[in-house]
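# Reading the structure
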Amino acid sequence: QQQVKQSPQSLIVQKGGISIINCAYENTAFDYFPWYQQFPGKGPALLIAIRPDVSEKKEGRFTISFNKSAKQFSLHIMDSQPGDSATYFCAASIIQGAQKLVFGQGTRLTINP
Amino acid sequence: DTGVSQNPRHKITKRGQNVTFRCDPISEHNRLYWYRQTLGQGPEFLTYFQNEAQLEKSRLLSDRFSAERPKGSFSTLEIQRTEQGDSAMYLCASSLSGAREKLFFGSGTQLSVL
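The structure contained in this document is the topic of the report that follows. Quick caveat, the model's predicted, so the values are computed rather than measured. (Residues numbered from 1 in each chain as written. Chains lettered and ligands numbered in written order. Predicted model: local features only at pLDDT ≥ 70, side-chain atom pairs only at ≥ 80, totals over all residues. Heavy atoms only, no water.)

Scanning chain A from terminus to terminus reveals zero helices and 11 strands. For chain A, the α and β elements follow one another from N to C terminus as β-β-β-β-β-β-β-β-β-β-β. A compact globule built from 113 residues would reach a C-alpha radius of gyration of about 13 Å, and chain A, at 13 Å, matches this within 12%. Scored against the burial criterion, the 113 residues of chain A give a buried share of 45%. Considering only contacts within chain A whose residues lie at least 6 apart along the sequence, 54% involve residues at least 24 apart. Element-wise, carbon and sulfur atoms account for 49% of the exposed surface of chain A, whose accessible area totals about 5500 Å². Computed over 11 positive and 7 negative side-chain charges, the separation of the two mean positions in chain A equals 6 Å. (Helix = DSSP H or I, 4+ residues; strand = E, 2+ residues; numbered from the N terminus. Rg over C-alpha atoms; globule rule 2.2 N^0.38 Å. Buried < 20%, exposed > 50% of the residue type's maximum accessible area, 1.4 Å probe, protein only. Contact = heavy atoms within 4.5 Å. Areas by Shrake-Rupley, 256 points an atom, 1.4 Å probe, with all protein chains shown as cover. Lys, Arg positive; Asp, Glu negative; His and termini not counted. Charge placed at Lys NZ, Arg CZ, Asp CG, Glu CD.)

Below, the structure is given as structure tokens:
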């Protein structure tokens, strides 16, 4: 019930295209859903996050879509750039209390020039 | 650099040896977390501190693992009698507690147990 399942495991997108990564969760107590970006040799960095009171959040080229009834959320990267090539992790936690994030398995994104 | 700092970046040790990692959080942050990340997987929560108090430990944290945060500043994670299964990236993160808490991760310590 604590799992967060992420797909696809890897994704190749052409420059300028849209990258879409999906996540599903089981624990209905989760109320905070962040996405992290990780480059090789670095720790994860917070990209964007959403709470279940909204269905979509956009920050620049990055958008989270959230479907509470389906217990699913996704990250969309518009106009994907080679610099976006990284591993992306979705995560979930309960906002009250400590951020004991439950991470997905990760998606390795490659943007071809 | 005012981010989360972890040392060493890499540690190679032989099975059965003890190792200690250090994390220096962002100075004003009162919470400090340890996560473990194995190859091809997302990070997994190990433990966290609020100021100097260790408030929660995951079941992943066996009794060979101990963490401290004296004076609520830097933290150390010690692994005793290392096993090959301990090989992983150990990540530290810090944050300021509150409704808009955000975790800032360090670059991690990569442990290889031979």
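Alright, that's what it looks like, and here's the rest.
What follows is about the environment of Leu46 of chain B. Residue and element names in this part refer to chain B. Summarising the element assignment, Leu46 is placed in strand E5 (residues 44–50). Separated by 13 residues in the primary sequence, Leu46 and Tyr33 place their C-alpha atoms 7.6 Å from one another. If sequence neighbours within four positions are ignored, Leu46 has contacts with Trp34, Tyr35, Arg36, Glu56, Lys57, Ser58, Leu60, Leu61 and Tyr90.

Along the polypeptide, Gln38 of chain A turns up in strand E4 (residues 33–38). At 2.8 Å, the side chain of Gln38 of chain A and the backbone oxygen of Lys42 of chain A are in polar contact. (Polar contact = N/O pair within 3.5 Å; in protein donor to acceptor, adjacent residues only side chain to side chain.)

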